[in-house]
Amino acid sequence: MRHHDTASLCDWGRFHPCSTEVPGSPDGIYRGSAETRGRGPKSQAFWPLYATMSLLFKQFMLSAPRGPLTLANRVVVAPMCQYSSVDGEATDWHLMHWGNLLNSGAGVVILEATAVVPEGRISPADLGLWDDRTEASIRDRLTRARKLAPPTPVFIQLAHAGRKASTAPPWVEGSRQLGVHEGGWETVAPSAISFAPGERAPRALNVSEIADVVEAFVVAARRADRLGLEGIELHGAHGYLIHEFLSPVSNKRDDAYGGSFDGRTRFVRELFAAVRAAFSGVLGIRLSASDWIDGGWTVEETATLAKQLKEMGCDYVHVSSGGASAQQKITVGPGYQVPFAKAVKEHSQLPTMAVGLITDPQQAEDILQAGHADMIALARGLLYRPRWVWEAAVALNGRVAASNQYLRCVPHGAPRIFSVDK
């Protein structure tokens, strides 16, 4: 699995239009008409509602050196690569896409994996933030998108794809590795080990080059700050460069950056410390909690690293899994990564995002109520159901911000869920 996005589709069956309404309900909650109330299940026409505000729609505060950031709710738009950039630049596809996500009602939107150097892109069509040109392209599209939506915090995921770089977009020939003659490039990694059989091996980074990568992340973080982004997420998951240093599957170095847990985590600790010094907004990290392969990176190691990063000023951890090996055997099911989030949260005490086949509002609420995570991240499910958050607000008695142009769209009989965008 080269391109690893988690989350899926939600179940429409939980939401049923209603044929009656009570105008002027003092708390905005529809409880059935005077004729249907109290008659029993056969005649009731209720929307599924919580009696009180759910945790999913309760505010959540993330700390940062410049001051705390309060999210309106616990729903996170997880990063999703769009493979729609030209030479690293954002395009009008991003203007449309970001505008849509910013109108979703989520508490925070995290922009897609954004390469800190050209050779760190997954594909030639990946977004970048490595020079004035790429910075200007993001500023233009994001500024316009934010003007077309309610105020919403925006983070960016900074990334380097390592040995999984130089591939075609996923809809082109199965995202195969591209040759140099096809617009690809030489890839780099902790060790000269290819991701999949038959692929050319990456070049192992030397110590000086490792320092250069760290500096590239720092420069990109400063650019993100100039863009007015409220937060940065470092991409340490899904088999990309940071994860490649962490995993014994891909890191066979015999120097200070390999071998023991301390050696394999040295790169991410140096990188995190450098970015933390350069950026005073919210700074988090996404980690794969398991390689799903014998001898790989483990949830116990993930929890230990998360605790160390908290002591270094990390503000949250986004817990995913997999991506380090083509031989991985993932056991997929509803909320299959939530146990990882629970373990990391309990050990590190960091604010934690859970992600992965969380598709139903009640499922998301139950995860929060159980204390297994603090925030719920969705990705592809929000592409398929862009108004999932609105539907969840109906189901869980929540409130969401909406643009004035959309205020009249609530189905007949549904509770009033919108906060007016003034």
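A quick note: this is a predicted structure, and the numbers were derived from the prediction, not measured.

### Overview of the overall build of the protein
- Secondary structure assignment for the protein yields 11 helices and 14 strands.
- Burial analysis of the protein (422 residues in total) assigns 60% to the buried set.
- Taking all contacts inside the protein whose residues are at least 6 apart in sequence as the whole, residues at least 24 apart take part in 73%.
- Of the roughly 16,500 Å² that the protein leaves accessible, carbon and sulfur atoms contribute 54%.

### As for unusual backbone geometry
- The backbone of Leu 357 shows a phi angle near 50°, a positive value even though the residue is not glycine.
- Along the polypeptide, Leu 357 turns up in the loop between strand 11 (352–355) and helix 9 (361–369).
- Overall, Leu 357 belongs to the partly exposed group, its relative accessible area being 21%.
- Positive phi outside glycine occurs at Asn 397, with the angle close to 60°.
- Residue placement: Asn 397 occurs in the loop between helix 11 (388–396) and strand 13 (400–402).
- Using a relative accessible area of 17% as the deciding quantity, one classes Asn 397 as buried.

### Considering the environment of Leu 368
- Along the chain, Leu 368 falls in helix 9.
- As for Leu 368 and Leu 56, which are separated by 312 residues in sequence, their C-alpha atoms are 7.1 Å apart.
- Among residues more than four places away in sequence, those in contact with Leu 368 are Leu 55, Leu 56, Arg 74, Ala 373, Asp 374, Met 375 and Ile 376.

### Looking at the environment of Ala 289
- For Ala 289, the position within the fold is in the loop between strand 9 (282–288) and helix 7 (299–311).
- Residue class for Ala 289 comes out buried when judged on its relative accessible area of 0%.
- For Ala 289 and Ser 320, which are 31 residues apart along the polypeptide, the C-alpha to C-alpha distance reads 6.1 Å.
- Not counting the four nearest positions on each side in its chain, Ala 289 is found in contact with Trp 297, Thr 298, Val 299, Thr 302, Val 319, Ser 320, Ser 321 and Phe 340.

### Re the packing of helix 6 (residues 266–278) against helix 7
- Contact geometry for helix 6 and helix 7: axes closest at 11 Å, N-to-C directions at 25°. In terms of axis orientation, helix 6 runs roughly parallel to helix 7. Once helix 6 is placed against helix 7, the crossing between them reads as right-handed. In this structure, helix 6 uses Val 268, Arg 269 and Phe 272 to contact helix 7, whose residues at the interface are Leu 305, Gln 308 and Leu 309.
- Considering only residue class, the contact of helix 6 with helix 7 consists of four nonpolar, one polar and one charged.

### Overview of the side chain of Ser 54
- In this structure, Ser 54 sits in the segment before strand 1 (60–62).
- Not counting the four nearest positions on each side in its chain, Ser 54 is found in contact with Glu 365 and Leu 396.

### What to know about the sheet that holds strand 10 (residues 316–320)
- Taking strand neighbours around the barrel as the criterion, the eight strands line up as 3-4-5-8-9-10-11-12 in a closed arrangement whose pairing is parallel. Averaged over all neighbouring strand pairs, the angle between strand axes comes to 25°, with direction disregarded.
- Examined bridge by bridge, strand 4 (residues 108–115) and strand 5 (residues 154–159) share six bridges and lie parallel to one another. If you follow Ala 115 over to strand 5, its bridge partner there is Ala 159.
- Against the sheet, helix 6 engages strand 8 (231–236) and strand 9, with an angle of about 160° to strand 9.

### Section: the confidence of the model for the protein
- Mean pLDDT over the protein stands at 89; residues scoring 70 or higher make up 87%.
- Contacts for the low-pLDDT stretch residues 4–49, under 50 throughout, to residues beyond four places or in other chains number 102 contacts.

### Thoughts on helix 2 (residues 132–147)
- Taking 1.5 Å as the rise per residue, helix 2 with 16 residues should run 22 Å; its terminal C-alpha atoms sit 22 Å apart, in good agreement.
- For helix 2, the set of buried residues is Thr 134, Glu 135, Ser 137, Ile 138, Arg 141, Leu 142 and Ala 145. The buried residues of helix 2 occupy an angular sector of 160° when projected down its axis, which confines them to one face. Residues Asp 132 and Lys 147 are exposed on helix 2 and point more than 90 degrees away from its buried face.

### A look at the pairing of strand 11
- Residues Thr 352 and Ala 354 line one face of strand 11 and the alternating positions Met 353 and Val 355 line the opposite face, and both faces are buried.
- Looking at chain direction, strand 10 and strand 11 are connected through three bridges and run parallel. By the bridge assignment for strand 11, Val 319 is matched with Ala 354.
- As a crossover connection, the stretch from strand 10 through helix 8 (residues 338–348) into strand 11 is right-handed.

### What to know about the packing of aromatic side chains
- Applying the stated criterion to the full structure yields eight aromatic pairs.
- Centre to centre, the rings of Tyr 83 and Trp 171 are 5.9 Å apart; their planes meet at 85°, and the pair counts as edge-to-face. Of the two residues, Tyr 83 is situated in the loop between strand 3 (75–77) and helix 1 (92–102) and Trp 171 in the loop between strand 5 and strand 6 (188–189); the sequence distance between them amounts to 88 residues.
- Judged by its relative accessible area of 7%, Tyr 83 falls in the buried class.
- Given the relative accessible area of 60%, Trp 171 is considered exposed.
- When the centroid spacing of 5.9 Å and the interplanar angle of 65° are considered together, the rings of Trp 390 and Tyr 406 count as edge-to-face.

### Some details on the pattern of salt bridges
- Counted according to the given criterion, the structure contains 22 salt bridges.
- With a shortest N-O distance of 2.8 Å, Arg 226 and Glu 135 are connected by a salt bridge. You can see Arg 226 sitting in helix 3 (residues 207–226) and its partner Glu 135 sitting in helix 2, a full 91 residues away along the chain.
- Judged by relative accessible area, which is 4%, Glu 135 ranks as buried.
- Residue Asp 315 is joined to Arg 276 by a salt bridge in which the shortest nitrogen-to-oxygen separation is 3.0 Å.

What counts and how
Residues numbered from 1 in each chain as written. Predicted model: local features only at pLDDT ≥ 70, side-chain atom pairs only at ≥ 80, totals over all residues. Heavy atoms only, no water. Helix = DSSP H or I, 4+ residues; strand = E, 2+ residues; numbered from the N terminus. Buried < 20%, exposed > 50% of the residue type's maximum accessible area, 1.4 Å probe, protein only. Contact = heavy atoms within 4.5 Å. Areas by Shrake-Rupley, 256 points an atom, 1.4 Å probe, with all protein chains shown as cover. Axes fitted to C-alpha atoms, helices over the stretch in contact; angles between N-to-C directions. Parallel < 35°, antiparallel > 145°, perpendicular 65-115°, else oblique. Left-handed = near helix turned anticlockwise from the far one by under 90°. Nonpolar A, V, L, I, M, F, W, Y, C, P; charged D, E, K, R; others polar. Pairing = 2+ DSSP bridges. pLDDT = per-residue confidence, 0-100. Expected span 1.5 Å × (residues − 1). Arc of directions from axis to C-beta. Right-handed = clockwise from strand over helix to strand, strands pointing away. Phe/Tyr/Trp six-rings, centres within 6.5 Å; stacked < 30°, edge-to-face > 60°. Salt bridge = Lys/Arg side-chain N within 4 Å of Asp/Glu carboxyl O.

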